[in-house]
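Survey of secondary and tertiary structure
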Amino acid sequence: MLSERRLEVLRAIVQDYVGTEEPVGSKALTERHRLGVSPATVRNDMAVLEEEGYIAQPHTSAGRIPTDKGYRLFVDRLAGVKPLSTPERRAIQNFLDGAVDLDDVVGRTVRLLAQLTRQVAVVQYPSLTRSTVRHVELLSLAPARLMLVLITDTGRVEQRLVDCQTPFGEASLADLRARLNSRVVGRRFTDVPQLVQDLPESFEAEDRATVSTVLATLLETLVEEAEERLMIGGTANLTRFGHDFPLTIRPVLEALEEQVVLLKLLGEANESGMAVKIGHENAYEGLNSTSVVSVGYGSGGESVAKLGVVGPTRMDYPGTMGAVRAVARYVGQILAES
């Protein structure tokens, strides 16, 4: 365990390096921070921090920079994240309140996160496997053709065409709509197959084939849409950090194109807590020089998806964590109200 004083020296090194992009020397530390000890003591503390792997000497310069291990300790021992200012909070609310549907909410959230943090923003769509049914609408387009519209509690809308073997009258359609909704509204997607399996038997013999076709389309929609989707924005922000990536920015950009990689980075959607993965903690090699800050969002205290940012390890962690958490909270409020 590091002593509180050495932890204070490490905090000062992280803050200075993030702020100045320059390796930090003991003289600069004692001048810029009230550490309450002599430069010789700071030099001694820095030698111990280096020996234990928390800081390193990048080249022949006299300064030191934090390692992944140093950033990890810095984040783990943070006293608190940086709160957003009142104008920032108001701007977030106004910007997100203007959203017209779920795609717009996700798109605006990505742009907002990228602007606030000046990093790459990643937002996962609410997963249908964790969603509940708000309403199922059935519309007649032609005597033997229907449209099925599925609306979820998170505002997601899915439409499918259903071709029936025989014409299906308006009265039968209204009956099916009412019975279907009475069984599935407010229920989780994963429960729906069991809830509707005996529904065809409750209809007249001539309607059963059509009811079965409608149900098959509904269940196919649930399976198809269980596939995770996400949106990414602010990739151009990485070009500002060219010198933070040891060799080239290309592996980072390639990793960001892999949806599977990004979903793994964000972690399980039902884990609502803040997660910070630093440097080599990211399993994907192309992202070993980046940090990922993510958190779950959702309505009613339950997380339905994740959002977060990807940037260099030389990151303003308190500020980034504060922004990510605040945006997640506002998005959750919008989903709850929609």
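Residues numbered from 1 in each chain as written. Predicted model: local features only at pLDDT ≥ 70, side-chain atom pairs only at ≥ 80, totals over all residues. Heavy atoms only, no water.

1. Points about the overall build of the protein
For the protein, the count of helices and strands is 12 helices and 10 strands. In terms of C-alpha radius of gyration, the protein reaches 26 Å, well past the compact-globule figure of 20 Å for 338 residues. Taken along its principal axes, the extent of the C-alpha atoms in the protein is 90 × 40 × 35 Å. Restricting to contacts in the protein with at least 6 residues of sequence separation, those with at least 24 account for 60%. As displayed, the protein has an accessible area near 16300 Å², and 50% of this comes from carbon and sulfur atoms. (Helix = DSSP H or I, 4+ residues; strand = E, 2+ residues; numbered from the N terminus. Rg over C-alpha atoms; globule rule 2.2 N^0.38 Å. Contact = heavy atoms within 4.5 Å. Areas by Shrake-Rupley, 256 points an atom, 1.4 Å probe, with all protein chains shown as cover.)

2. Section: the packing of helix H1 (residues 4-20) against helix H3 (residues 39-51)
Their axes nearest at 10 Å, the elements H1 and H3 cross at an angle of 85°. Compared by their axis directions, H1 and H3 come out roughly perpendicular. Where H1 abuts H3, its residues Arg-5, Arg-6, Val-9, Leu-10 and Ile-13 lie against Thr-41, Asn-44, Asp-45, Met-46, Val-48 and Leu-49. A class-by-class count of the residues in the contact of H1 with H3 yields 6 nonpolar, 2 polar and 3 charged. (Axes fitted to C-alpha atoms, helices over the stretch in contact; angles between N-to-C directions. Parallel < 35°, antiparallel > 145°, perpendicular 65-115°, else oblique. Nonpolar A, V, L, I, M, F, W, Y, C, P; charged D, E, K, R; others polar.)

3. With respect to a nonpolar patch on the surface
A cluster of nonpolar side chains, namely Leu-139, Leu-141 and Leu-161, defines an oily patch on the protein surface of about 260 Å² accessible area. Turning to its location among the elements, Leu-139 is positioned in strand S4 (residues 133-142). Take Leu-139: its relative accessible area is 37%, and that puts it in the partly exposed class. (Patch = residues over 30% accessible without salt bridge, like charges linked within 9 Å, V, L, I, M, F, W, Y side chains within 5 Å. Salt bridge = Lys/Arg side-chain N within 4 Å of Asp/Glu carboxyl O. Buried < 20%, exposed > 50% of the residue type's maximum accessible area, 1.4 Å probe, protein only.)

4. Description of the environment of Asp-104
Assignment of secondary structure puts Asp-104 in helix H6 (residues 102-117). As for Asp-104 and Val-133, which are separated by 29 residues in sequence, their C-alpha atoms are 20 Å apart. Ignoring anything within four residues of it in the chain, the contact list for Asp-104 reads Gly-98 and Ala-99.

5. Concerning the sheet that holds strand S9 (residues 290-297)
Taken in spatial order, the 5 strands line up as S7-S3-S10-S9-S8 in an open sheet, and their pairing is antiparallel. Two strands bound the open sheet, and with one partner strand each, they are strand S7 (230-233) and strand S8 (275-278). For this sheet the average axis-to-axis angle between neighbouring strands, irrespective of direction, equals 15°. Relative to S9, S8 runs antiparallel, the two sharing 4 bridges. (Pairing = 2+ DSSP bridges.)

6. Some words on the UniProt feature "domain: HTH deoR-type" (unreviewed entry) in the protein
Summarizing the sequence annotation, UniProt attributes the feature "domain: HTH deoR-type" (unreviewed entry) to residues 34-62 in the numbering used throughout. Along residues 34-62 one finds 45% helix and 7% strand; the C-alpha atoms at either end are 21 Å apart. (UniProt positions renumbered as here; feature names shortened; annotations may be inferred.)

7. Quick look at the sheet that holds strand S5 (residues 145-152)
Adjacent strands of a sheet pair through backbone hydrogen bonds, lying either parallel or antiparallel. Taken in spatial order, the 3 strands line up as S4-S5-S6 in an open sheet, and their pairing is antiparallel. Only two strands of the sheet have a single neighbouring strand rather than two, namely S4 and strand S6 (157-163). Shown here is a sheet whose adjacent strand axes are inclined to one another by a mean of 20°, direction ignored. Taken together, the 7 bridges between S5 and S6 define a ladder with antiparallel strand orientation. Each residue of the ladder has a partner; that of Leu-148, found in S6, is Arg-160. This element, helix H7 (residues 170-184), spans S4 and S5 of the sheet and lies at about 165° to S4.

8. With respect to helix H12 (residues 317-337)
Under the 1.5 Å per step criterion, the end-to-end length of H12 is 30 Å for 21 residues, consistent within 8% with the ideal 30 Å. The residue sitting at the N-terminus of H12 and contributing the capping side-chain oxygen is Asp-316; that oxygen lies 3.2 Å from the backbone nitrogen of Gly-319. (Expected span 1.5 Å × (residues − 1). Polar contact = N/O pair within 3.5 Å; in protein donor to acceptor, adjacent residues only side chain to side chain.)

9. Here we look at H7
Counted at 1.5 Å a residue, the expected span for H7 with its 15 residues is 21 Å, and the 21 Å between its end C-alpha atoms agrees. Burial in H7 covers these residues: Leu-173, Leu-176, Leu-180, Asn-181 and Val-184. With its buried residues spanning 120° around the axis, H7 presents them on a single face. Of the residues in H7, the exposed ones pointing more than 90 degrees away from the buried face are Ala-171 and Ser-182. Just beyond H7, the residue with positive phi is Gly-186, at close to 80°. (Arc of directions from axis to C-beta.)

10. Observations regarding the nonpolar core
Counting residues in each nonpolar core, the largest one holds 57 residues, and the members touching the most others are Leu-29, Leu-307 and Tyr-317. Per-element tally for this core: the top contributor is H12, with 11 residues. Beyond its immediate sequence surroundings of up to four residues, Leu-29 is in contact with Val-9, Ala-12, Ile-13, Asp-16, Val-24, Leu-35, Val-42 and Met-46. By size, the runner-up hydrophobic cluster in this structure holds 23 residues, among which are Leu-148, Leu-176, Val-192 and Val-211. (Core = buried A, V, L, I, M, F, W, Y, C linked by side-chain atoms within 4.5 Å.)

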